[in-house]
Amino acid sequence: MSELKLTQDKMKTYRSVKKGAFKTAADLSRFGTAQNHANEILAANVNELIKRVCLLEDQQLQNSEIMKKLASELSAFKAELDRLKLTAKLNTNAIDRLNNAINLAKGEEK
């Protein structure tokens, strides 16, 4: 990947030593070769970025699925906890009523 790293120097595709409006065929040939090389580097970098984005999208989908499962389990846990609290409260009330009934049967008042 280090050879595919974009630099300003690699992106300069035209380097002519001649001044003026008319360029020789050799200058144009060098320009074309340099431009093709720059395009290959750009294409490789774009393809690498596309792969990274696809990987991130896949990871995001996996994370979303995990979060949905966690939310479902948390909801089930909360429902179970509420049921246990209610059961404990009902059991405590039942014990109190039975205790009161026993005390009344013995002739004791609360």
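Structure's up top.
These numbers come from a predicted model, not from an experiment.

*Asks:* Give a detailed account of the overall build of the protein, specifying residues and quantitative values.
*Replies:* When helices and strands are counted, the protein shows two helices and zero strands. A total of 110 residues make up the protein; the buried ones form 5% of that total. Put simply, of all contacts in the protein between residues at least 6 apart along the chain, 45% involve residues at least 24 apart. When the accessible surface of the protein is totalled, it reaches about 9,700 Å², and 61% of it is carbon and sulfur.

*Asks:* I'd like to hear about a nonpolar patch on the surface, residue by residue, with values.
*Replies:* A cluster of nonpolar side chains, Ile66, Met67 and Leu70, forms an exposed patch at the surface whose accessible area comes to about 310 Å². Mapped onto the fold, Ile66 is located in helix α2 (residues 25–106).

Criteria and thresholds
Residues numbered from 1 in each chain as written. Predicted model: local features only at pLDDT ≥ 70, side-chain atom pairs only at ≥ 80, totals over all residues. Heavy atoms only, no water. Helix = DSSP H or I, 4+ residues; strand = E, 2+ residues; numbered from the N terminus. Buried < 20%, exposed > 50% of the residue type's maximum accessible area, 1.4 Å probe, protein only. Contact = heavy atoms within 4.5 Å. Areas by Shrake-Rupley, 256 points an atom, 1.4 Å probe, with all protein chains shown as cover. Patch = residues over 30% accessible without salt bridge, like charges linked within 9 Å, V, L, I, M, F, W, Y side chains within 5 Å. Salt bridge = Lys/Arg side-chain N within 4 Å of Asp/Glu carboxyl O.

None of the figures reported here should be taken as evidence of function without further support.
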